[in-house]
Structures are given as structure tokens and as C-alpha cells.
Amino acid sequence: MNDLITLKGVTRVYEVGTEKIHALAGVDLTIRPNEYISTMGPSGSGKSTLMNIIGCLDTPTSGTYEFEGEPVHKMDDNQLASIRNRKIGFVFQTFNLLPKLTALRNVELPLIYANVPRDERLEQAERALRRVGLIDRMNHKPNELSGGQRQRVAIARALVTNPSVILADEPTGNLDSKSGEDIMRLFDDLHEAGNTIILVTHEEYIAKHAQRTLHILDGKINEDTLNG
Amino acid sequence: MSKSKRSHLKNTVKESLRMALEAIRDNKLRSVLTLLGIAIGVFSVIGVMTAIRTLETSIESGLNVFGTNTFLIQKYPAVTIGGHSRRKYRNRRNITYDQFKELKRRARLPIMVSVTDYSGGQTIKYRDKQAKKNVYLQGGDEGSLRTFNTFIGDGRNITAHDVEFSRRVTVLGMDAVDQMFPFEDPLGKIITINGIGFTVVGIAERKGKMFGQSQDNYVLIPITTYLQRYGKRWTSLAITVEAPSAELYDKTRDEVIGILRMIRKVPPGKENDFEVVSNAQLIETFGQFTGGVKLFALAISIIALLVAGIGIMNIMLVSVSERIKEIGIRKAIGATRRDILIQFLTEAVFLSEFGGITGVILGVLGGNLVAMAFNIPAVIPLDWVLIGLAVCSVIGVGFGIYPAYRAAKLDPITSLRYE
Ligand SMILES: Nc1ncnc2c1ncn2[C@@H]1O[C@H](COP(=O)(O)OP(=O)(O)O)[C@@H](O)[C@H]1O
Ligand SMILES: [Mg+2]
């Protein structure tokens, strides 16, 4: 099977004043379609940095990154935006919904940037909201929804373009354990339906949902295990 | 390819407009302030231009005070602009009734030569009713009503005989009628002017107001009677001359000037010791004046618009920093720099255009209110409306582009982290 994501010797160095912070210190990683991966590691170990690079929000300082065979490390801003838009669905710990827009408008947004005609857009956005069980809340704004519901809207937004991979950086970090469990069941369903999922978590029981776990330490993959 | 590109652009602009409307709705105070800035700028341009345009139109018609083909001869110029003091004119000899009679007798070309003088502050009464102080006592002849651009409404005009025999008869302007004869027919009644009785023989037709001033506030009596009873040492008469046609205007003017120079014994080669005032000259003098006002208004308006533009830029910059997080989110889900740029530009242009239209409407209304105060028909200065709106677009793009560029340039991760 073709690889979806291939990282080779990826580093990410931040320069703060005269100091250099090696957030990623040489990562090699291969991910195939329909994998379900959790990423664990202490705070500051580089998990978010890795997710941001995989999600094309950030670019490596050195090393190569190929996404579906395309060299992401050579892409310009517009190409990165296009990959983010069409190939990647990002779910954040703090949801990152636009507070003034309804759930439906939030979910519709990626399709606007993908230049999908309005009728199709609404249809797809509604389908995504139905998929996360929030179709009856589509005209609510984020502050009229619970944390768990907000994260569902964010997942619907990630899903709506039918991306090749869904990335989630501590998606349950701001939720109570009950809502967190609901969200994880949703990810399980999505994986079941054929999606590729990579998520970051601190919790062992959440990591257990995935088939494969990456342990990060000091900007390196320390351990790469398959869950039994 | 190019077709899909075009439809993409159309789609982007349409969505940007929708997002701009959402953003404007969600940030009402900010939007209102921006709008206000632009509206005030445009208002000042349009308002002043509308007012000037209406004044100009009415001045051109209104300054035709003595009718076409007519000019006026008097001791002082009608309008003095600049440093010329009245002293230069004061030493001139007065224009007397004898000079007028001589001129009228000798001039061949004019179809009318008429004389007037006026004085205010006379006590004009009918029984217990007194005319207001702003009613002028006007001395004149059979041509005077014509020089006022009005007609006899009832009764008869002053005649040459009235003038010849210094009769105590009068023709009333409508203000004098309103004030002294609210319930009575004035014809045949006797009014007193400083205690001397005059029989009302006629009533002039109402002229209405011009530049807010009544044109009907006079009581007309024969010039001879006027000079005997109310003339002063410094009385200098004004002579109105009407040429038979536009073609003969210049010839008539030259003839009258020549005769008057002879009568007043002005040596050859010396300049006239009297002023010849024509409509064309009045309009020209006024044109210089409005030109100056226009330039001044334009300068003020440009400053106002510049300030408004800087205001817009400021507000857009604040808007960018308020919405860094939003920009980060939009970029994370696939917005390109261009998408963000267009979104912010659309917002700026929309705001300025909306403000511009508000300003245009207020400006046209305000300008026309000024016009109404002067009793002048309303106008819409279409060219200035278009210029105003064009300037707003330029301001929207010009002052919106820097904040929009700042927004578009933001790095997605840094903006997402921003709280
Ligand atoms: N924008 C940045 N500038 C400087 N240092 C950063 C920046 N982002 C992350 N870092 C540093 O990089 C390291 C890895 O951070 P991160 O990937 O966020 O860790 P994690 O998500 O595992 O907690 C940390 O030491 C963090 O302080
Ligand atoms: Mg993190």
C-alpha cells in the first residue's frame, strides 16, 4: 500500500533570542492510509510541533516531508493552504470555532475556501453535522453549545472536505471525561469508516483507542508501538 | 481554466462580501465610527458643493436684477472686492436729477432711462398701522417698477406727469400693503410718510424673496417729490438704462457714457467719474467670489476625507489585531493570503462605500436645506456625487490595503496561539 505521510530527518528549530530550541530533533515517520495513531509524551516534548508540521501549518527547518507523494517541504504558502484545505482536517484542543458564526457556517467555511458552489456546500455541511449528531443544533452559535458539542462541530468542520487525514491535538483536553469518551467514540466510528486519524493525548485510556502509539521525548520518537 | 478562475474570483468576492457583512454586523460600534468618518468627509464635500451649485444657479438668474440688456449708472460700484476703499469714490460729484433729465433728453438709443433713489428709516403709516422699519422709501419714475422686475398688480403706475408735477402719490410694494392694509383695499387711501400725506394709486405685484430677503419692502413715490421732501445733500441718484436689443447693448452703453461724460464735463482722456454696472459684470465678480469659496471647501473636504481615511485605516488595523485568532483559524482550514486580503479589503471598501452613500445623501439634503433657506430651487450635483463615491472607493482600497496586507501576512500558528 502507498504511504500517506513520510517524514525523514525532520527538525524544527525555534530561535528565541540567541537560544536555539530544538522542538523536533530528527523525526522519521511513515503513516499509511486508515491508520489510527495516538501520540503521547511529556509537556514540551514536541507533540504539537509535529502535528503542526504534519498538518502543513508549519514547515520543517530541515528534513523532508512527503504527503501522498508530494514534497510538502518544497511547497509555497498557497500550496500549503490548498493542502490544509483539501487534504487535512485539524481538530484543536480549544475548538477554534469562529464565535460569531453558527455551527453550520463554521462547518461550511472550508468549503468556501475550496470554492464549492453554495448548494453543494450546504448539503455537505449538513451531512457532516448529521454525522457528528448535531444537525438539530446547526443554527446555534458556539457559545450556545456545550464543550463536547463544540468539539463535535469542530470535528464536522474537519470532516466536511473529506480529507485524507484528521489531526487532533489533545481533542479531549478541555472536556470532562464523559464528553471526552463520546468524542473518542466518534473518532473510532470515523476510523471504522475508513478515515486516517492522528491524535495527541496525555491520557493512557484515550491512547488505547488507537492502534498505534508514538511516544515522543525531547523532539524525537522514542517508542513506536502497536496496541494489542 | 480561465472560466473556472473567473468563477472562483466571483465566488470569492461574493463570499467576502457576505463575510464583510457578517463582520460589520458583529462589530457595530467599530463600523458605525468608520462609517461616520467617511460620511462626514463626503457630507462636507457634497454639502458645500450642493450649496454652492444652488447659489451659483440662483445668482446667475438672481443677478439679472435689472432685466436683460440693462445696465446701471451710479456713483459707487455695486460690489467692491479687495482693498479699494470707498474714499476713491466719495469725492466724485453726485449724480443729480438734472443730469438724469439731460441724459434722458439727449440719448437716442435707449428704450428706457429711469432714475431711482431710496432711503430707509422713514415713518410710513396708515392711520394707526405703521410699516416696519425695513420698508424703504423709494423715489422713482414711470420706469422704476420695470427696473425692479415687477408690474402693477392693481391701480396704476407712477406717470411722467406725477413726476413732472411732484405729485404726492404712491405705489406700494406688497410688504407695505400687508403691514398697513391687512383688511382694507389700499387704493385711494392716504398714507403718511414722516407726517406728509400720499394717495395710494397702485399696488405692485409680489416678487417674493431672494437670498432670504424680501423684494417687496418698498413704497414708491415720484422722484421729484422724493427729492424735495426727503433728499439729502449727499443724495446721488442711480440711473437704469435699457438697450433695445442685445446687439445694440454696447452701442447704447457707449452713447450713454459719452453723453454723461459731456454732461458731467469729464475731460477727454480721464476715466469716468461714475460706475457702469451690468449683469455680466456682477456675475463675473460673484464668480470670483464663489471660485474662492469652492477652492476653500475643496481643501477642507480633502482634509476631512484624509482624516476619515486614516480613521478607517486605524479601525481596520484594530480590527486586524482583534481578529488575529480568526485569521489563524481561517488560514488553518485553508484560506490563502489572497482570501484574507480580499476579505479585509472588501470589508474596508464596503464600509467606506456605505459611509460614502450616507454622506452623499446627508450632503445633498444638507446642501439643499441651505438652498431652501435662501429660497432657491434644489439641485443634485451629480458630478460631485460620483466624485465622492469614487473617492470613497479609493479611500477604502488605499487605507484598507495596509491592514489587509498585515492580516494576510500573519503566520497561521502564531495567530492561532494569539489570545
Ligand atoms: N513559537 C515558538 N517559539 C519558541 N519556542 C517554541 C514555539 N513553539 C514551541 N516552542 C518550544 O518547542 C518545544 C515543543 O513545544 P510543543 O511542540 O508545543 O510541545 P508539546 O505540544 O509536546 O507540549 C517546547 O520547548 C516549546 O517551548
Ligand atoms: Mg501541545
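Please refer to the structure higher up on the page.
Residues numbered from 1 in each chain as written. Chains lettered and ligands numbered in written order. Predicted model: local features only at pLDDT ≥ 70, side-chain atom pairs only at ≥ 80, totals over all residues. Heavy atoms only, no water.

Participant: Quick one: what's the story with the overall build of chain A, residue by residue and with numbers?
Facilitator: Each helix and strand in chain A was counted, giving seven helices and ten strands. When burial is assessed residue by residue, chain A has 54% of its 228 residues classed as buried. The long-range fraction of contacts in chain A, counting pairs at least 24 apart against all pairs at least 6 apart in sequence, stands at 70%. Split by element, the accessible area of chain A, about 10100 Å² in all, is 44% carbon and sulfur. (Helix = DSSP H or I, 4+ residues; strand = E, 2+ residues; numbered from the N terminus. Buried < 20%, exposed > 50% of the residue type's maximum accessible area, 1.4 Å probe, protein only. Contact = heavy atoms within 4.5 Å. Areas by Shrake-Rupley, 256 points an atom, 1.4 Å probe, with all protein chains shown as cover.)

Participant: I'd love a proper account of the interface of chain A and chain B, names of residues and values included.
Facilitator: Contacts between chain A and chain B engage 26 residues on the former and 27 residues on the latter. Where chain A abuts chain B, roughly 2400 Å² becomes buried across the two surfaces, and 52% of that area is made up of carbon and sulfur atoms. The interface formed by chain A and chain B holds two salt bridges in total. Between Asp77 of chain A and Arg337 of chain B there is a salt bridge, with the nearest N and O atoms lying 2.7 Å from each other. Connecting chain A to chain B are five residue pairs in polar contact (both at pLDDT 80 or more). Within the residue set of the side of chain A that touches chain B, elements represented by two or more residues are helix H2 (77–87), helix H3 (103–113) and helix H4 (118–131) of chain A. Of the residues belonging to the side of chain A that touches chain B, the class tally is eleven nonpolar, six polar and nine charged. (Buried area = accessible area lost by both parts, 1.4 Å probe. Salt bridge = Lys/Arg side-chain N within 4 Å of Asp/Glu carboxyl O. Polar contact = N/O pair within 3.5 Å; in protein donor to acceptor, adjacent residues only side chain to side chain. Nonpolar A, V, L, I, M, F, W, Y, C, P; charged D, E, K, R; others polar.)

Participant: Outline the sheet that holds strand E6 (residues 88–91) of chain A, supporting the account with residue identities and numerical values.
Facilitator: Residues and elements named next belong to chain A. The sheet built from six strands is open, its strands ordered E6-E7-E8-E3-E9-E10 with mixed pairing. The two strands at the open ends of the sheet, each matched to only one other strand, are E6 and strand E10 (220–226). Sheet twist, expressed as the mean angle between neighbouring strand axes with direction ignored, is 15 degrees. Pairing geometry for E6 and strand E7 (residues 165–169), over four bridges, is parallel. Among the inter-strand pairings, Phe90 is bridged to a residue of E7, identified as Leu167. Contacts from helix H6 (residues 177–192) reach strand E3 (36–40), E7 and strand E8 (197–200), with the element oriented near 155 degrees to E8. (Pairing = 2+ DSSP bridges. Axes fitted to C-alpha atoms, helices over the stretch in contact; angles between N-to-C directions.)

Participant: I'd like a description of the environment of Thr201 of chain A, backed by residues and values.
Facilitator: Residues and elements named next belong to chain A. Inspection of the secondary structure assignment puts Thr201 in the loop between E8 and helix H7 (204–207). You can call Thr201 buried: its relative accessible area is 3%. For the pair Thr201 and Pro42, spaced 159 residues apart in the sequence, the C-alpha separation amounts to 9.9 Å. At 3.0 Å, the side chain of Thr201 forms a polar contact with the backbone nitrogen of Glu203.

Participant: Which residues make up a nonpolar patch on the surface, and what values do they have?
Facilitator: Residue and element names in this part refer to chain B. A cluster of nonpolar side chains, namely Phe43, Ile357, Ile361, Leu362 and Leu365, defines an oily patch on the protein surface of about 450 Å² accessible area. With four residues, helix H12 (residues 337–373) is the single largest residue contributor to the nonpolar patch. Within the secondary structure, Ile361 sits in helix H12. (Patch = residues over 30% accessible without salt bridge, like charges linked within 9 Å, V, L, I, M, F, W, Y side chains within 5 Å.)

Participant: So, the nonpolar core: which residues are in play, and what are the values?
Facilitator: One finds Ile5, Leu7, Ile54, Tyr65 and Ile198 of chain A to be the most contacted residues of the largest nonpolar core, which totals 67 residues. No other element matches the eight residues that helix H13 (residues 382–409) of chain B contributes to this core. When near neighbours in sequence (up to four residues on either side) are disregarded, Ile54 of chain A contacts Ile5, Leu7, Leu29, Tyr65, Ile88, Leu167 and Ile198 of chain A. Formed by 53 residues, the second largest nonpolar core is a distinct cluster that contains Ile95, Val135, Leu137 and Val219 of chain B. (Core = buried A, V, L, I, M, F, W, Y, C linked by side-chain atoms within 4.5 Å.)

Participant: Let's hear about the side chain of Asp117 of chain B: which residues, and what values?
Facilitator: Residue and element names in this part refer to chain B. Locating Asp117 in the fold gives a position in strand E2 (residues 112–119). Notably, Asp117 is buried but unbridged: the nearest opposite-charge side chain belongs to Lys232, and the N-O separation is 8.2 Å. Those residues in contact with Asp117 that lie beyond four places of it in its chain are Leu137, Gln138, Gly139, Ile223, Tyr226, Thr235, Ser236 and Leu237. (Lys, Arg positive; Asp, Glu negative; His and termini not counted.)

Participant: Can you tell me about the site of ligand 1, naming the residues and giving the values?
Facilitator: The immediate surroundings of ligand 1 are formed by 13 residues, with Gly44, Lys47, Ser48 and Thr49 of chain A together with Arg417 of chain B found nearest. Flanking ligand 1 are residues from chains A and B. Between an oxygen atom of ligand 1 and a main-chain N or O atom of Ser45 of chain A, the distance comes to 3.3 Å. Here an oxygen atom of ligand 1 sits 3.0 Å away from a polar atom, N or O, in the main chain of Gly46 of chain A. Considering ligand 1 on its own, with 560 Å² of exposed area, one finds that the protein chains cover 69% of that surface. Taken together, the elements giving at least two residues each to the shell around ligand 1 come down to strand E1 (5–16), strand E2 (19–31) and helix H1 (47–54) of chain A. A per-element tally of the shell around ligand 1 places H1 of chain A first, with three residues. (Near = heavy atom within 4 Å.)

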